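# Structural features, examined
The chain contents come next:
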Amino acid sequence: MQIDTRSHVPIYLQIADGIRAAVAAGLYGPNDPLPSLRSLALHVHVNPNTVQRAYDELEREGLIYAQRGKGLFVAEQGTASAQTHAQDGVRRALDEAVRAARAAGMSARRVREIFEATLDRISEPERDRP
């Protein structure tokens, strides 16, 4: 998980987004434990209170749950919730990109060509993985 201190997105939301992405990608499954506040804070070089705020956000969403004395875990519906959140984010980003392209006078065909070329370019490293 990378934190961009120059981003306009608050650090706690960057952490929450990173956890959501990890759950959506299957790195954490239902009932899997999450890193402790202190260990994640050390890993991303932030105050533990910032991580707590991120975890509070995820708990409010129902993505994670706490077990007193044991830690934080991914909720049963956490994977589906994280994937839905990711899909919604992709839709918003694509909506914005298509609106910008159309405002610049690009045809739907040209937008598709650019999208497909971008998808191919970005997906190439995945094919090289063992």
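Quick note: structure is the one above.
A brief structural summary.

Let us look at the pairing of strand β1 (residues 64-67). Judged from the 4 bridges that link them, β1 and strand β2 (residues 71-74) form a sheet pairing that is antiparallel. Within β2, the position partnered with Ala66 by the bridge is Leu72. Counting the residues in the hairpin turn of β1 and β2 gives 3 residues, including Gly69, whose phi is positive at 80°.

Let us now look at the packing of helix α1 (residues 11-24) against helix α3 (residues 48-61). Closest axis-to-axis distance for the α1/α3 pair is 8 Å, and the angle between their directions is 55°. Considering their axes alone, α1 and α3 lie oblique with respect to each other. Read as a crossing pair, α1 and α3 show a hand that is right-handed. Only Thr50, Val51, Arg53, Ala54, Tyr55, Glu57, Leu58 and Glu61 of α3 make contact with α1, whose side of the interface consists of Ile11, Tyr12, Leu13, Ile15, Ala16, Ile19 and Arg20.

Basis of the calculations
- Residues numbered from 1 in each chain as written.
- Predicted model: local features only at pLDDT ≥ 70, side-chain atom pairs only at ≥ 80, totals over all residues.
- Heavy atoms only, no water.
- Pairing = 2+ DSSP bridges.
- Helix = DSSP H or I, 4+ residues; strand = E, 2+ residues; numbered from the N terminus.
- Axes fitted to C-alpha atoms, helices over the stretch in contact; angles between N-to-C directions.
- Parallel < 35°, antiparallel > 145°, perpendicular 65-115°, else oblique.
- Left-handed = near helix turned anticlockwise from the far one by under 90°.
- Contact = heavy atoms within 4.5 Å.

Functional significance is not addressed by these values, which are geometric in nature.
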